[in-house]
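# Architecture and fold: a report
Spelled out, the chains give:
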Amino acid sequence: MNHTPDARTVTRRALIKRRHRFNTAMTILSLLMTAVVLLTLGTILLTLLYNGLQAIRPSLFLESTPPPGSAGGLANAIYGSLVMTGIAVAIAAPVGIMAGTFLAEYARNSRLAEFVRFINDVLLSAPSIIIGLFVYGVVVVSMGHFSAWAGIIALAIIATPIIVRTTEDMLSLVPDNLREAGAALGTPRWKVITSISYRAAFQGILTGVLLAIARVSGETAPLLFTALSNQFWSTDLNAPMANLPVVIFQFAMSPYEDWRNLAWGGALLITTAVLALNIVARLSAKGRKS
Amino acid sequence: MSDITASRFKSRMNIGDPLFKGLTFFFATLVLAVLAAIVSVLVMDSLPALQKFGPAFVWSQHWNPVKDNYGALVPLVGTIVTALIALIIGVPFSFGMAFFLTELCPHWARQPIAIAIELLAAVPSIIYGIWGLFVLVPIFQHYIEPALIATIGQIPIIGLLFQGPAIGMGVLLAGFILALMILPFVTSVMREVFSAVPAVLRESAYGLGATRWEVVWRVVLPYSRVGVVGAIMLGLGRALGETMAVTFVIGNAHRLSLSLMAPGTTISSTLANEFTEADGAIYTSSLIALGLVLFVLTFTVLAIGKKLLLRNVGKGGTA
Amino acid sequence: MIPQPETKRGIMLRKLKSLSFATALAFAPFTVHAADISGAGATFPYPVYAKWAEAYFKETGLTMNYQSIGSGGGIKQIKAKTVDFGATDAPMKPADLKTFNLIQFPTVMGAIVPVVNLDGVKPSEMVLNGHVLAEIYLGHITKWNDPAIAALNKGMVLPAIDIAVVHRSDGSGTTFNFTTYLSATNAAWDEVGVGKAVEWPAGLGGKGNEGVAALVGHMTGAIGYVEHSYAHQNHMIYTRMINKDGHAVEPSLETIQAAAANADWAHAEGNYLVLANQPGADSWPMTAATFILMQKVQDKPKTGRETEDFFIWAMDKGDDLAKDLVYVPMPDNVVSMTKALMQTLTDKNNKPLPLAGHAL
């Protein structure tokens, strides 16, 4: 057999080589892309850490926001965010869980359920600034002033669709034979839902609530037109209340050094809380699976 | 479940069942009511402006608080252009990452990297805003934009997009940050969509001697094409509505400009900047009309995206 | 799958959740009431209002919450009665004051200064005038080494870089005063007009005086207009201006006072007075007064009284704080007129508000 390959084999081999080279190039490219994105994430977090840590000291948590040129902290903003997020989720959770229950337990695949799911998704992805506009028009104008309550309502409207979605997803994972077993024992339907379905989906529903908290803590736009902000310590829900995102917005765009430091500190606080909540949510989801 | 299981409960004679069912039904309709309320408030409050300007509102370039003459064109164009830039930069990256994660990544690294990418999604948008303002603006102003002006800016026609003083802030930077923000989302949906492709198809392609890239590009992608487009549309929807990340870096200028380096504005950053101070019925109403335009835009894009994703699921069947 | 009894992890999570909720509630017993007086508006006087609020709190324990959201916002909020007072440096016309039943009085006067970001240029070194400023903001002059700028700055080396114009993106009294001045010194500016917000032919927008100061600080080659305190506090490079009489002057207490010397408050109906481009050898050309708006009929008489007390205290005792920040306090005759004006405030039943309280 002669060793010179014929023309067809040569082209075929060349073609194969080219395809493999292209594959290698694409492989390297995708590797690079992933690396670049991860590096960028790393840079953002590192910048946040570097600038934010400088602001972390006891006064950050103990003193309220100062006028420019004076020292201070973020106590009122932290309090405001905790309270408004807490109450908003406390409102959104029952509403969301109940609505999700309706979708997963009762309506299932009916036309109504499809419609509610669709509307829920629209609410879920609606720009949060639109929700802020809505709450301004309805709550702030009728109350006659900005207030923490308006902010709470805006945040609740943002949190509810998230909880509806996750509750429905988690509840529909619960197998029907559990429910039928309950029915066979003579349990009324509502009791089957509360003591069997909820029990089984508990971790998942909790994950949904945690994710809603995480999402809502970082929202700025809706609070701009509702709770506004307050440079003093205030616990009055009927008045403007300081909150981390709006304070960060104000302070970061200012020319004052001490304000900008506080903005970074606040940013670090929010990001830490949000990331921690996400990680806890993931872990609890994993725990359920095992 | 369906009617079989449901029928097991039908013969109950107790008050708890209808009560509970009514309760859940009430809250489900509450969700509907909220959306209906949002739409009606938006429409009602934009009526004064829409009545004054008519449909010309959408394509009017003016934004003149002195003469009370407003138009949505500049913010609308800004919204769309920044979102497009976000897609043009973000989609290839998402695809590259999805390719990496589904085909190339060693199994032990898959979860950690996926988690890292999803953490990018969890970072609140205001963080992207201040990071963009303090870190990226100087980089863009002193390095990236001059380089772009000197290279692509010299090419005829397309160079018109890369002209002008390099100030760092502007439409290009805003689009870049938006790309970062939609990346994790689009990547994870793409990953899901890729993983839903039946193994049989992949394996037969490999069996025929296809390289990894070819399998993804010629088998997986065409198969999940509808879902991928759906993912892109969802990413687009997010980019259109993003406020905080954009407001910090876009420069807030109500002017149309061919160059991407120029400052501009989006609907959401106009609202964030001007709403609390807008004085006058027509000014406020025009801003709300802007909000209505944004809502209609994002609604349309998201609805299309969801339909496409649902169709993909139906077509692909269960993995 | 049989429902498992609650896992250790589940119990832990539940406890964590109730712990964090309890912690949040733990702050609740702090029944400190909300700010006693709330106001919103101009960013122009914000530094001095903030200092006054701090000092007033130390002296009386009363809090004054001021949100600097721009003059447009201040006017909007006081019309809607969502705040106790509004602040604006674009004064409301007497007809509008009557329509919305408001009173208006000036608190301090300050200077708007141009600020630039150029390497090697020191504060107060560069000289500009209204005509050139308008040309820059019209987009007609685009480079720093333009002959028009060089003519005013003989002997200075000006770089051949682009001018990055920065203006306000929100509704601003500072813009109102700035555009009034540009309109008075350059006929071409009339195509843009005068107002709290205008259709800017060039440049990018910053939110508030703070935003403009921050933007100019970020970009080499930038020019902006800010209230003097902002330039001073942030060590920015401000320029001198050529005033109506043709002299190049610096922004300072003396030049602001010179501009204010001709101000005839006694005959200004509703206290409507714009101090741009005042004559006088030492006058700072971009001087502006800033105003407070209050509802004539106070729905909450106690709060109305407290608001009055705060401003009376500020006008009587806050002069030094204002001067430290290069704001000129109002002359005594204006202070007396303001106090008399406050006497005209009534409650819902048309009874005047008693002036008892902390300031006396």
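Residues numbered from 1 in each chain as written. Chains lettered and ligands numbered in written order. Predicted model: local features only at pLDDT ≥ 70, side-chain atom pairs only at ≥ 80, totals over all residues. Heavy atoms only, no water.

## Section: the overall build of chain C
Scanning chain C for helices and strands turns up 13 helices and 15 strands. Out of the 360 residues in chain C, the part that is buried amounts to 58%. Intrachain contacts of chain C at a sequence separation of at least 6 include 77% that bridge at least 24 residues. Just so you have it, chain C exposes about 14000 Å², and 57% of that area is on carbon and sulfur atoms. (Helix = DSSP H or I, 4+ residues; strand = E, 2+ residues; numbered from the N terminus. Buried < 20%, exposed > 50% of the residue type's maximum accessible area, 1.4 Å probe, protein only. Contact = heavy atoms within 4.5 Å. Areas by Shrake-Rupley, 256 points an atom, 1.4 Å probe, with all protein chains shown as cover.)

## A short note on the overall build of chain A
Each helix and strand in chain A was counted, giving eleven helices and zero strands. If you list the helices and strands of chain A from N to C, you get α-α-α-α-α-α-α-α-α-α-α. Computed over the C-alpha atoms, the radius of gyration of chain A is 26 Å, more than 25% above the 19 Å expected from 2.2 N^0.38 for a compact globule of 290 residues. In terms of principal-axis extent, the alpha carbons of chain A reach across some 95 × 65 × 35 Å. At a minimum sequence separation of 6, the contacts of chain A that also span at least 24 residues come to 73%. For chain A, the exposed area adds up to about 11700 Å²; of that, 66% sits on carbon and sulfur atoms. (Rg over C-alpha atoms; globule rule 2.2 N^0.38 Å.)

## Considering the interface of chain B and chain C
Interface size is often expressed as the accessible area that is lost when the parts come together. Taken together, the contact pairs 28 residues of chain B with 31 residues of chain C. Of the roughly 2200 Å² buried between chain B and chain C, counting both surfaces, carbon and sulfur atoms make up 47%. Three residues stand out in chain B for area buried against chain C, namely B:Arg255, B:Glu277 and B:Asp279, and they jointly supply 27% of the buried area on that side. Along the contact surface separating chain B from chain C lie zero salt bridges. Taken together, chain B and chain C are joined by nine residue pairs in polar contact (both at pLDDT 80 or more). (Buried area = accessible area lost by both parts, 1.4 Å probe. Salt bridge = Lys/Arg side-chain N within 4 Å of Asp/Glu carboxyl O. Polar contact = N/O pair within 3.5 Å; in protein donor to acceptor, adjacent residues only side chain to side chain.)

## Comments concerning the nonpolar core
Counting residues in hydrophobic clusters, the biggest one holds 308 residues, and the most contacted among them are B:Phe248, C:Tyr137, C:Ile149 and C:Trp265. Looking at this core, the element that brings in the most residues is helix α3 (residues 75-107) of chain A, giving 18 residues. Other than its neighbours up to four places away in sequence, C:Tyr137 contacts C:Val165, C:Val166, C:His167, C:Phe178, C:Leu182, C:Trp189, C:Trp200, C:Pro201, C:Ala202, C:Ile223, C:Gly224 and C:Tyr225. One finds C:Ile78, C:Val83, C:Leu102 and C:Leu293 within the second-largest nonpolar core, a separate group that totals nine residues. (Core = buried A, V, L, I, M, F, W, Y, C linked by side-chain atoms within 4.5 Å.)

## Some details on the sheet that holds strand β11 (residues 248-249) of chain C
Backbone hydrogen bonds are what pair the strands of a sheet, in a parallel or an antiparallel way. Residues and elements named next belong to chain C. Read across the sheet, three strands follow the order β5-β10-β11 without closing on themselves; strand pairing throughout is mixed. Each edge of the open sheet carries a strand with a single partner, namely β5 (127-128) and β11. Where β5 and strand β10 (residues 240-242) come together, two bridges link them in parallel fashion. Note on β10: the bridge partner recorded for Val127 is Arg240. (Pairing = 2+ DSSP bridges.)

## Remarks on the environment of C:Thr307
All names here are of chain C. Mapped onto the secondary structure, Thr307 falls in helix α11 (residues 301-317). With relative accessibility at 1%, the residue Thr307 sits in the buried group. C-alpha separation for the pair Thr307 and Leu325, spaced 18 residues apart in sequence, amounts to 22 Å. Not counting chain neighbours up to four residues away, the residues in contact with Thr307 comprise Ile37, Asp84, Phe85 and Met294. Within the structure, Thr307 has its side chain in polar contact with the backbone oxygen of Thr303 (distance 2.7 Å).

## Comments concerning the pairing of strand β8 (residues 222-227) of chain C
Residues and elements named next belong to chain C. For β8, the buried fraction is high: six of the six residues fall into the buried class. With two bridges joining them, strand β6 (residues 164-168) and β8 adopt parallel strand pairing. Its bridge partner being in β8, Val165 is matched across the sheet by Ile223.

## Some remarks on the packing of helix α4 (residues 73-104) of chain B against helix α9 (residues 212-223) of chain B
Residues and elements named next belong to chain B. Running from N to C, α4 and α9 point in directions that differ by 110°, and their axes come no closer than 11 Å. Classed by the angle they form, the pair α4 and α9 counts as roughly perpendicular. Seen from above, α4 lies across α9 with right-handed handedness. Residues Phe95, Phe99, Glu103 and Leu104 of α4 lie in contact with α9, whose contacting residues are Arg212, Trp213, Val216, Trp217 and Leu221. (Axes fitted to C-alpha atoms, helices over the stretch in contact; angles between N-to-C directions. Parallel < 35°, antiparallel > 145°, perpendicular 65-115°, else oblique. Left-handed = near helix turned anticlockwise from the far one by under 90°.)

## Comments concerning a nonpolar patch on the surface
All names here are of chain A. Residues Leu46, Leu49, Leu53, Ile56, Phe61 and Leu62 make up a contiguous nonpolar surface patch of about 590 Å² in total accessible area. If you list the elements that add at least two residues to the nonpolar patch, you get α1 (7-53) and α2 (58-62). Tallying contributions element by element places α1 first for the nonpolar patch, with three residues. Here Leu49 shows up in helix α1. (Patch = residues over 30% accessible without salt bridge, like charges linked within 9 Å, V, L, I, M, F, W, Y side chains within 5 Å.)

## Let's talk about the pairing of strand β2 (residues 64-68) of chain C
All names here are of chain C. Of all five residues in β2, five are buried, a share of seventy percent or more. Across the two faces of β2 the burial is the same, with Met64, Tyr66 and Ser68 and Asn65 and Gln67 all buried. In the sheet, strand β1 (residues 37-41) pairs with β2 via five bridges, with the strands oriented parallel. Each bridged residue has a counterpart across the sheet, and for Ser38 the counterpart in β2 is Asn65. At this point the chain moves from β1, through helix α2 (residues 46-60), to the parallel β2, and the crossover so formed is right-handed. (Right-handed = clockwise from strand over helix to strand, strands pointing away.)

## A closer look at unusual backbone geometry
Residue and element names in this part refer to chain C. Residue Ser124 is not a glycine yet carries a positive backbone phi of 75°. Under the relative-accessibility criterion, Ser124 is labelled buried at 11%. At Val326, a residue that is not glycine, the phi angle is positive and equals roughly 60°. If you trace the backbone, Val326 turns up in the loop between α12 (319-324) and β14 (328-329). Residue Val326 is classed as buried on the basis of its relative accessible area of 11%.

## A word on the pattern of salt bridges
For the structure shown, the criterion picks out 20 salt bridges over all chains. Between C:Glu306 and C:Lys302 there is a salt bridge; the shortest N-O distance is 3.2 Å. With C:Glu306 and C:Lys302 both in helix α11 and four residues apart, the pair spans about one turn of that helix. For C:Glu306, a relative accessible area of 10% puts it in the buried group. Exposure remark for C:Lys302: the relative accessible area of 52% places this residue in the exposed category. Each member of the salt-bridge network shares a partner with another, and the members are A:Glu105, A:Arg108, A:Asp176 and A:Arg179.

## Thoughts on the interface of chain B and chain A
Each side of the interface is counted separately: chain B has 79 residues, and chain A has 82 residues. Approximately 7300 Å² of surface area, both sides summed, lies buried where chain B meets chain A, with 83% of it carried by carbon and sulfur atoms. At the junction of chain B with chain A, the criterion picks out two salt bridges. A:Asp121 is paired through a salt bridge with B:Lys306; the nearest N and O atoms lie 3.9 Å apart. The interface formed by chain B and chain A contains five residue pairs in polar contact (both at pLDDT 80 or more).

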